[in-house]
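Reading the structure
Take a look at the letters that make up each chain.
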Amino acid sequence: MRFSHKIRKLVSGQGLASARKHTLRIFRLNRFPLETKRVIETIDPAAFEQIRRRYAVENPGEHWPKYLDLDRWISINIRRIREIELDLARRRHILDLGCGAGYFLYIAQLLGHSGIGLDVDFVPMFSDVTRLLGVRRVIQRIRAFDPLPDLGAKFDLVTAFMICFNNHKQTNLWGVAEWEFFLDDLARQLAPRGRVWLELNREYDGTFYTPELKTFFQRRGAMVDEHKIIFTSGLPAPALTLPVAR
Ligand SMILES: C[S@@+](CC[C@H](N)C(=O)[O-])C[C@H]1O[C@@H](n2cnc3c(N)ncnc32)[C@H](O)[C@@H]1O
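Figured I'd write up the structure that's included with this text. (Residues numbered from 1 in each chain as written. Predicted model: local features only at pLDDT ≥ 70, side-chain atom pairs only at ≥ 80, totals over all residues. Heavy atoms only, no water.)

**So, the pattern of salt bridges**
Applying the stated rule across the entire model yields 10 salt bridges. When the shortest N-O distance is used, the salt bridge between R52 and E49 registers 3.1 Å. Here the residue R52 and the residue E49 both occupy positions in helix α4 (residues 45-55), the gap between them amounting to three residues, near one helical turn. Residue R52 is classed as partly exposed on the basis of its relative accessible area, which comes to 30%. Its relative accessible area of 29% is what places E49 among the partly exposed residues. (Salt bridge = Lys/Arg side-chain N within 4 Å of Asp/Glu carboxyl O. Helix = DSSP H or I, 4+ residues; strand = E, 2+ residues; numbered from the N terminus. Buried < 20%, exposed > 50% of the residue type's maximum accessible area, 1.4 Å probe, protein only.)

So this is what it looks like as structure tokens:
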């Protein structure tokens with residue numbers, strides 16, 4: 001890196017952010033090392049092999065057995081953990097909606113965080129893998145205009161990756177009204193200044209949301225980055241996030 005670039009980076013926001021990360025990393029040195037191999041080594045190989053034998057198929061493509069590829073899915077979830085900075089954060093209580101095999105919460109737990117996964121009980125393989133990993137699951141189908149159950153303690157972070165509960169790839173895909181109800185209700189589950197990190201799936205037309213839905217998320221205070229909808233500090237009511245008319 002050129003010296004002038006280094007100086008520019010140092011005095012910019014980018015420099016401050018990387019200095020902050022560097023310092024936090026030093027504080028968290030005694031945490032579990034976030035390496036795919038090290039994470040996989042913590043999973044009982046004989047028990048996982050039994051699950052693999054029960055559900056593996058040749059060339060799973062986009063079908064559920066694809067989640068038996070530990071190398072791939074542990075790497076993906078380590079990337080998610082890093083992007084959300086759970087490797088740097090103090091202890092968080094996390095709710096992962098549509099948790100699937102539970103790898104995200106499992107790695108978060110290795111780092112000292114706690115959490116609950118919420119999912120439907122449709123795929124027996126997910127039930128077996130989450131049980132093996134010791135990831136706590138609540139079985140509940142998320143439905144449009146239905147509140148989530150009471151899950152006890154409030155969450156510092158709510159995540160949902162590769163979201164399907166919005167009726168992904170179905171004719172009744174959620175629009176603004178469904179998302180508004182969902183976010184209003186989700187606010188009840190959040191600790192003060194809690195974060196919400198949602199990642200949408202691509203629909204048949206190649207988009208993640210309509211322009212109207214994107215505007216709705218932004219008005220609601222989200223940072224929208226392609227398929228990611230990120231609320232960094234609570235879920236304020238829309239009136240609080242709209243610009244004040246003068
Ligand atoms: C594409 S998988 C993603 C799994 C996991 N989040 C990941 O990224 O590895 C979608 C997950 O959402 C769950 N799911 C689908 N519809 C749901 C609904 N209506 N309510 C709750 N979970 C749902 C599925 O059972 C599955 O675990």
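**Structural notes on the packing of aromatic side chains**
One pass over the structure, following the stated rule, counts 15 aromatic pairs. Summarising the aromatic geometry, the rings of F165 and W179 are spaced 6.0 Å apart at their centres and angled 55° between planes, so their arrangement reads as tilted. In this pair, F165 sits in the loop between β4 (155-163) and α8 (176-186) while W179 sits in helix α8, placing the two residues 14 residues apart along the sequence. For the pair shown, F165 and W179 are each scored as buried. Its relative accessible area of 1% is what places W179 among the buried residues. Through a chain of ring-to-ring contacts, the aromatic side chains of F165, W174, W179, F182, F216 and F217 assemble into a single cluster. (Phe/Tyr/Trp six-rings, centres within 6.5 Å; stacked < 30°, edge-to-face > 60°.)

**Regarding the layout of surface pockets**
Of the pockets and cavities examined, the largest pocket occupies roughly 1100 Å³. Lining the largest pocket are 39 residues, with W64, M162, I163, C164 and F165 positioned closest to its centre. Contributions of two or more residues to the lining of the largest pocket are made by α5 (70-84), β1 (93-97), α6 (103-110), β2 (114-119) and β4. Residue composition of the lining of the largest pocket, by class: 21 nonpolar, nine polar and nine charged. In this structure, the second largest pocket encloses a volume near 360 Å³. If you trace the second largest pocket, you find 17 residues lining it, with R80, M162, E199, N201 and H227 closest to the centre. Those elements giving two or more residues to the lining of the second largest pocket turn out to be α5 and β5 (190-200). (1 Å grid on protein atoms, 1.4 Å probe; cavity = no way out; pocket = protein on both sides within 12 Å on 5 of 7 lines; lining within 4 Å. Points joined across faces, edges and corners; volume = space filled by probe spheres on them. Nonpolar A, V, L, I, M, F, W, Y, C, P; charged D, E, K, R; others polar.)

**Quick notes on the site of the ligand**
Residues in contact with the ligand amount to 16 residues; listed here are only the nearest, R80, G98, D119, I142 and F161. Between the ligand and R80 there is a distance of 3.0 Å, counted from an oxygen atom to a side-chain nitrogen or oxygen. In this structure, an oxygen atom belonging to the ligand sits 2.6 Å away from a side-chain N or O atom of D119. Protein chains bury 92% of the 600 Å² of accessible surface belonging to the ligand in isolation. (Near = heavy atom within 4 Å. Polar contact = N/O pair within 3.5 Å; in protein donor to acceptor, adjacent residues only side chain to side chain. Areas by Shrake-Rupley, 256 points an atom, 1.4 Å probe, with all protein chains shown as cover.)

**As for the nonpolar core**
Formed by 35 residues in total, the largest nonpolar core has its most connected members in I81, L86, Y103, M125 and V129. Counting only elements with at least two residues in this core, the list comes to α4, α5, α6, α7 (124-133) and β4. The element that contributes the greatest number of residues to this core is α5, accounting for seven residues. What Y103 contacts, discounting residues up to four positions off in sequence, is F48, Y67, L68, L70, W73, I74, N77, V129 and L133. Counting residues in each nonpolar core, the second largest holds 32 residues, with I116, L200, V224 and L235 among its members. (Core = buried A, V, L, I, M, F, W, Y, C linked by side-chain atoms within 4.5 Å. Contact = heavy atoms within 4.5 Å.)

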